[in-house]
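So you can see what is in the structure, the chains are spelled out below.
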Amino acid sequence: MTTKRDYYEILGIQKNASPEDVKKAYRSMALKFHPDRVSSGEKKEAEEKFKEISEAYAVLVDPQKRKLYDAYGHAGIDSRFSEQDIFRGADFSNIFEDLGFGSIFDNFFQDIGFDFFGGSTRKGGRSRRAHRGRDLEVRVDLSLEEVAEGVEKTVSFNKSEICKSCKGSGQASGSKKITCPVCKGSGVIYSSAGFIRMGQTCLECKGQGQIITKPCPNCRGDGLERGKKTLTVKIPVGIRSGSSLRVRGEGDESQGGSGDLYVTVRVKSHSVFRREENNLIHETTISLVSAVLGAELEVPTLGGKVKMNIPAGTQSGTVFRLKGKGITDIHTQKKGDEFIKVDVEIPKKLSSKEKALFEELAKLRGQSASSQSFTDKIKNAFK
Ligand SMILES: [Zn+2]
Ligand SMILES: [Zn+2]
């Protein structure tokens, strides 16, 4: 086992580097170590280097992953993300388009066995091994209550499955596999343009080097068929909107293994609460009298209504905290709080009796009850 180097050190940046600095550092290093820009003798080492800086970039450019890395180091990343997941979400294509080698980059990553768009994962050279099935994604909508309590959701989706008629072989009964007559079994067709020889995957056998004499009528030789799958997924308490749960092996099936299913969660907006981190925010108004004299207020929580005391003299905009009435953190299990923001409602219209009382109050507090209109006041001021 090799020990991993510090991501900041790899990119040669400070711990407080801005996302722009991270990008800049990565861009200039990628130019240096891009395997297509070094001599063939240095290729292997450049590939390793390129992989290392790309991983450092993928983590440090993603705020959530960076936070985990800052707090727990490599363990924080490696315990939560697979190699593919580390790269998922980091946008490389932009950077490489700037440098003018977008497509070269894709090929390179596939060659070293990475594929962060979820398709095949190849290890070592151009093997003829069948690719792993694609990863799939389904979306579920949750209410805030479901997030707070945890819930099981049933999802349905279409996926490719190993053909039941031929069990994935692609062959009808009595069929044989013979060497592909077009490519003579190599799986590649070469063509020459000047002194450059180019290899292309043989279309006849799709690079397999062999063809089937009698294809299975159900799957036409693919060995795969479309199917519908229904699955119940346990959604953990505290999940954030936009995050995904991975269900291993529930993606497309293929002769090379199954892809994964990603269940992406979207939390619907709530009529009464707003979520910030693991806290809930509720805004309400109280009457002027309640603010001045104090009152008992009934406020909503996710567990039902509770009574809260508003002290006399409460100012508009005061925020009260209900400890532990927020959302449980998905990782630490610590509970967030609920915050009640109270605005004081100033009456816009008063009855004559109310008006008299306010004027009385004004006198009591040594202010003249303003019978003067605003325009009169302005006029007096400029006399
Ligand atoms: Zn079949
Ligand atoms: Zn062929």
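Small disclaimer: the values here were computed from a predicted structure and weren't measured.

Here's the deal with the pattern of salt bridges
Consideration 1: Scanning all chains against the criterion turns up 23 salt bridges.
Consideration 2: Between Lys 153 and Glu 146 there is a salt bridge; the shortest N-O distance is 3.2 Å.
Consideration 3: Residue classification places Glu 146 among the partly exposed positions, given a relative accessible area of 21%.
Consideration 4: One salt-bridge network, in which partners are shared between bridges, spans Arg 132, Asp 135, Arg 246 and Asp 260.

A look at the nonpolar core
Consideration 1: In this structure, Leu 11, Ile 13, Tyr 26, Ile 53 and Leu 60 are the most contacted members of the largest nonpolar core, which totals 27 residues.
Consideration 2: Every element with two or more residues in this core is listed here: α1 (7–11), α2 (19–33), α3 (43–60), α4 (63–72) and α6 (83–87).
Consideration 3: If one sorts the elements of this core by residue count, α3 sits on top with 7 residues.
Consideration 4: In this structure, Phe 157, Leu 231, Ile 239 and Val 265 belong to the second largest nonpolar core, which totals 21 residues.

With respect to the coordination of the zinc ion (ligand 1)
Consideration 1: Protein coordination at the zinc ion (ligand 1): the donors are Cys 163 (SG), Cys 166 (SG), Cys 216 (SG) and Cys 219 (SG), at 2.3 Å from the metal.
Consideration 2: Coordination of the zinc ion (ligand 1) draws on donor residues from a single chain, spaced C-x2-C-x49-C-x2-C in sequence. The exposure classification of Cys 163 matches that of Cys 166, with both residues buried.

Let's talk about the environment of His 282
Consideration 1: Along the polypeptide, His 282 turns up in strand β11 (residues 279–287).
Consideration 2: Among the residues examined, His 282 registers a relative accessible area of 10% and is labelled buried.
Consideration 3: Spatially, the C-alpha atom of His 282 lies 9.7 Å from that of Ser 271, the residues being 11 residues apart in sequence.
Consideration 4: When near neighbours in sequence (up to four residues on either side) are disregarded, His 282 contacts Val 272, Phe 273, Pro 300, Glu 338, Phe 339, Ile 340 and Lys 341.
Consideration 5: A polar contact of 3.0 Å, which involves the side chain of His 282, links it to the backbone oxygen of Val 272.

Conventions we followed
- Residues numbered from 1 in each chain as written.
- Chains lettered and ligands numbered in written order.
- Predicted model: local features only at pLDDT ≥ 70, side-chain atom pairs only at ≥ 80, totals over all residues.
- Heavy atoms only, no water.
- Salt bridge = Lys/Arg side-chain N within 4 Å of Asp/Glu carboxyl O.
- Buried < 20%, exposed > 50% of the residue type's maximum accessible area, 1.4 Å probe, protein only.
- Core = buried A, V, L, I, M, F, W, Y, C linked by side-chain atoms within 4.5 Å.
- Helix = DSSP H or I, 4+ residues; strand = E, 2+ residues; numbered from the N terminus.
- Donors = N, O, S within 2.8 Å, 3.2 Å for Na, K, Ca; no water.
- Contact = heavy atoms within 4.5 Å.
- Polar contact = N/O pair within 3.5 Å; in protein donor to acceptor, adjacent residues only side chain to side chain.

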